[in-house]
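Coordinate inspection notes
One-letter residues, chain by chain:
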Amino acid sequence: MAKSLQDKVVIVTGAGRGIGREIALLCAAEGAKVVVNDPGGAADGAGSSATPAEEVVEEIKKRGGTAVANFESVAEAIPASKIVKTATDHFGRLDGVVNNAGILRDMIFHKMSVEAFEAVIKVHLMGSFYVSHAAARIYREQESGSFVHFTSTSGLIGNYGQANYAAAKLGIVGLSKSIALDMGRFNVRSNCVSPFAWTRMIGTIPTGTDAEKARVEKIKQMGPEKIAPVCGYLLSDAAKDVTGQIFGVRMNEIFLFGQHRPVRSVHRGEGWTPQTIAEHGMPALKGSFSPLDRSADVFTWDPI
């Protein structure tokens, strides 16, 4: 069987561990030359180590693939641009970017520090922008390329204690859609993946109650390797007509997520006042309100 990414050059950020590692391994197995980016920090972004990225590169080479390590942070524009430069310096081109890098600083909203909010936004949202923006000029010139960005049901649906993470992940949806709209004329695609998988970041979920413990045990069944095939597909030429979409992956399930559209309207010929909105407008709309669900309230069945 032909390899779906033969001779393509792909960047995977946050590729030293977890989902990113599995994506890098799969891309290499499918014939891509891979830039394995990871500064090697902790789940909250603290510290650095070259070891995680280097180990993935060695594993790829051991399996007969081609890869190079990069240790820059995505959270600042110049270091992020150097990730893209690593691809062009070593391999002469760039065909795919997977914006997977992330950190967590979970805290209930009224206790969340400004620093914790900004740090998560910088890695997830700004990092996705910085790397994509540096790659976009190359894509524009060669008139081809693919972006795969990582979102989360924490933003798409909701979760407790993750205002920073949810804001970043929903922002990435808007970023991806804008890239798809702006760069479609250059044969550039941009999609989002919302993963369900056990990783060290998910390992920070509280397990203080029996219900929380049960939830974590279910998540542990979902290995990060299950996320990689969808990313490999979206990077490949087989996905040339797929752009601006949001996919979820949960064990062996693949979901297509809906996107915001009007669900109901009310009209009053003479216009509205605060009083008539309270008496007529809002009661008419309330039946179509979105509930304050969390991800676990929506995905209630066991992973399959």
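Use the structure listed above.
Summarised in this report is the structure supplied together with it. (Residues numbered from 1 in each chain as written. Predicted model: local features only at pLDDT ≥ 70, side-chain atom pairs only at ≥ 80, totals over all residues. Heavy atoms only, no water.)

Observations concerning the side chain of Ser128
Take Ser128: it is sitting in helix α4 (residues 114-142). What makes Ser128 buried here is its relative accessible area of 5%. Once residues within four sequence positions are removed from consideration, Ser128 is found in contact with Asn99, Val123, His149, Ile172 and Leu175. (Helix = DSSP H or I, 4+ residues; strand = E, 2+ residues; numbered from the N terminus. Buried < 20%, exposed > 50% of the residue type's maximum accessible area, 1.4 Å probe, protein only. Contact = heavy atoms within 4.5 Å.)

Re the layout of surface pockets
There is about 700 Å³ of room inside the second largest pocket. Surrounding the second largest pocket, 24 residues form its lining, Gly155, Leu156, Ile157, His260 and Ser290 being those nearest its centre. Those elements giving two or more residues to the lining of the second largest pocket turn out to be α5 (153-156) and α6 (163-183). Per-element tally for the lining of the second largest pocket: the top contributor is α6, with 4 residues. For the lining of the second largest pocket, the per-class residue count stands at 11 nonpolar, 9 polar and 4 charged. (1 Å grid on protein atoms, 1.4 Å probe; cavity = no way out; pocket = protein on both sides within 12 Å on 5 of 7 lines; lining within 4 Å. Points joined across faces, edges and corners; volume = space filled by probe spheres on them. Nonpolar A, V, L, I, M, F, W, Y, C, P; charged D, E, K, R; others polar.)

Topic: the sheet that holds strand β4 (residues 96-99)
Strands sit in the order β3-β2-β1-β4-β5-β6-β7-β8 across an open sheet of 8 strands; the sheet is mixed. A single partner strand is all that each edge strand has here, and the edge strands are β3 (66-70) and β8 (253-256). Averaged over neighbouring strand pairs, the angle between their axes works out to 20 degrees when direction is ignored. Alignment of strand β1 (residues 9-12) against strand β2 (residues 33-37), held across 4 bridges, turns out to be parallel. Each bridged residue has a counterpart across the sheet, and for Val9 the counterpart in β2 is Lys33. (Pairing = 2+ DSSP bridges. Axes fitted to C-alpha atoms, helices over the stretch in contact; angles between N-to-C directions.)

Quick look at the packing of aromatic side chains
All chains considered together, the criterion is met by 8 aromatic pairs. On the basis of an interplanar angle of 55 degrees and a centroid distance of 6.5 Å, the ring pair of Phe196 and Phe255 is categorised as tilted. Of this pair, Phe196 sits in strand β6 (residues 188-196) while Phe255 sits in strand β8; the two residues are 59 residues apart in sequence, bridging distant segments of the chain. Residues Phe196 and Phe255 agree in their burial class; the two are buried. Centroid distance Phe299 to Trp301: 5.5 Å. Interplanar angle 45 degrees. Geometry classified as tilted. Among the aromatic residues, ring-to-ring pairing joins Phe196, Phe255, Phe257, Phe299 and Trp301 into one connected group. Lying over the aromatic face of Trp301, Arg250 brings its terminal NZ or CZ to 5.1 Å of the ring centre. (Phe/Tyr/Trp six-rings, centres within 6.5 Å; stacked < 30°, edge-to-face > 60°. Lys NZ or Arg CZ within 6 Å of the ring centre and 35° of its normal.)

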